[in-house]
Amino acid sequence: MTRLIALALISTPAAMLFFGPSARAQISIKPEALTHYSYCVSAAKDRNAVFLLDRGTMYRCGDDIAVSYFNYLGRQKVPEKRVVETEGVFIYRMIAGVGKCWNKIEDAYGNPTSTYGCDIYIEL
């Protein structure tokens with residue numbers, strides 16, 4: 001039943017405004033995927049981690065919710081990418097069509113760390 005509700009929501013004209021015409025092909029509608037997605041968006045709203053950008057909105061969650069989402073993506077065999085940035089070294093796992101989860105494994109000075117987060121983008 002959750003799958004039918006999710007499909008109905010993604011198929012609505014309002015959803016097409018947020019996700020674009022190819023959203024159905026990109027967004028996983030598995031119940032567990034939708035659960036992680038909705039928990040992350042809700043946590044971002046609760047913690048004022050919603051950022052209005054030029055072409056959309058970004059929701060950022062962290063802590064246990066991000067760890068769970070990151071691990072879920074790993075269990076789904078989502079490829080990971082190691083990226084070196086000025087803020088440190090990150091492992092990224094992409095959320096198909098809408099964002100990414102990350103694990104920061106080194107800080108800007110090369111010290112080991114472990115910080116998790118997920119960024120979900122909704123385009124206008």
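Only a predicted model underlies this, so the values are computations on that prediction, with no experimental measurement involved.

> Would you mind going over the state of the cysteines with me for this structure?
Among covalent bonds in proteins, the disulfide is the one between the sulfur atoms of two cysteines. Going through the model one piece at a time under the given rule, you end up with two disulfides. With cysteine numbering restricted to those in disulfides and following the sequence, the chain has the pairing 1-2, 3-4.

> In this structure, what is going on with the pattern of salt bridges? I would like to understand it.
Any two side chains of opposite charge can pair if their charged atoms end up close together. The tally for this structure, following the rule as stated, stands at three salt bridges. Here Arg 93 and Glu 80 are joined by a salt bridge, their closest N and O atoms 2.7 Å apart. Of this pair, Arg 93 sits in strand E4 (residues 88-95) while Glu 80 sits in strand E3 (residues 80-85); the two residues are 13 residues apart in sequence, bridging distant segments of the chain. You can call Arg 93 buried: its relative accessible area is 12%. Since its relative accessible area comes to 48%, Glu 80 is described here as partly exposed.

> Would you take a moment to explain the packing of helix H4 (residues 31-46) against helix H5 (residues 63-75) for this structure?
A pair of packed helices is captured by two measures, namely the crossing angle of their axes and the spacing between those axes. The N-to-C vectors of H4 and H5 enclose an angle of 155 degrees; their axes lie 10 Å apart at closest approach. As far as their axial angle goes, H5 and H4 are roughly antiparallel. Crossing hand, H4 versus H5: left-handed. Along the contact surface, H4 presents Glu 32, Ala 33, His 36, Tyr 37, Tyr 39, Cys 40 and Ala 43, while H5 presents Ile 65, Ser 68, Tyr 69 and Tyr 72. Residues that form the contact of H4 with H5 fall into these classes: eight nonpolar, two polar and one charged.

> Explain a nonpolar patch on the surface to me, please; I cannot follow it from the model alone.
On the surface, Phe 51, Leu 53 and Tyr 121 cluster together into a nonpolar patch covering about 250 Å² of accessible area. Checked against the element boundaries, Tyr 121 lands in strand E6 (residues 112-123). Judged by its relative accessible area of 31%, Tyr 121 is partly exposed.

> Where do I start with the pairing of strand E2 (residues 56-62) in this structure?
For a regular strand, the rule is simple: side chains alternate between the two faces of the sheet. The element E2 is largely enclosed, with a buried count of five among its seven residues. Where strand E1 (residues 50-53) lies against E2, four bridges are found, and the strand directions are antiparallel. By the bridge assignment, Leu 53 is partnered in E2 with Gly 56. Adjacent in sequence and paired antiparallel, E1 and E2 are bridged by two residues. Summarising the sheet, E2 and E6 pair through seven bridges and their orientation is antiparallel. Within E6, the position partnered with Tyr 59 by the bridge is Ile 120.

Scoring rules and cut-offs
Numbering of residues starts from 1 in each chain and follows the order in which that chain's sequence is written. Only residues with pLDDT of at least 70 are given local features in this predicted model, and only at 80 or more are side-chain atom pairs given and counted; all residues enter the totals for whole chains, interfaces and linings. Excluded from the side-chain calculation are hydrogens and water; included are all heavy atoms of the structure. A pair of sulfur atoms, both from cysteines and within 2.5 Å, is called a disulfide here. In what follows, salt bridge is the name for a side-chain nitrogen of Lys or Arg lying within 4 Å of a carboxyl oxygen of Asp or Glu. Here a strand is any run of E in DSSP of at least two residues, a helix any run of H or I of at least four, and the numbering for each starts at the N terminus. Each residue is placed in one exposure class: buried if its accessible area under a 1.4 Å probe, protein chains only, is under 20% of its type's maximum, exposed if it is over 50%, and partly exposed if it falls in between. Every axis in this analysis is a line fitted to C-alpha atoms, fitted for helices over the stretch in contact. Angles between the N-to-C directions lie between 0 and 180 degrees. Note on terminology: angles under 35 degrees are roughly parallel, angles over 145 are roughly antiparallel, angles of 65 to 115 are roughly perpendicular, and the others are oblique. Handedness of a crossing is defined here by the sense of rotation of the near helix relative to the far one, left-handed for an anticlockwise turn of less than a right angle and right-handed for a clockwise turn. We call two residues in contact whenever any of their non-hydrogen atoms come within 4.5 Å of each other. Each residue gets one of three labels, nonpolar for Ala, Val, Leu, Ile, Met, Phe, Trp, Tyr, Cys and Pro, charged for Asp, Glu, Lys and Arg, and polar for the others, Gly among them. Two joining distances apply to patches: 9 Å for like charges and 5 Å for nonpolar side chains (Val, Leu, Ile, Met, Phe, Trp, Tyr), and every residue must have over 30% relative accessible area and no salt bridge. Only the protein chains shown count as covering a residue, and every accessible area follows the Shrake-Rupley method with a 1.4 Å probe. For two strands to count as paired, DSSP must find a minimum of two bridges between them.

Purely spatial values, then, with no claim about function.
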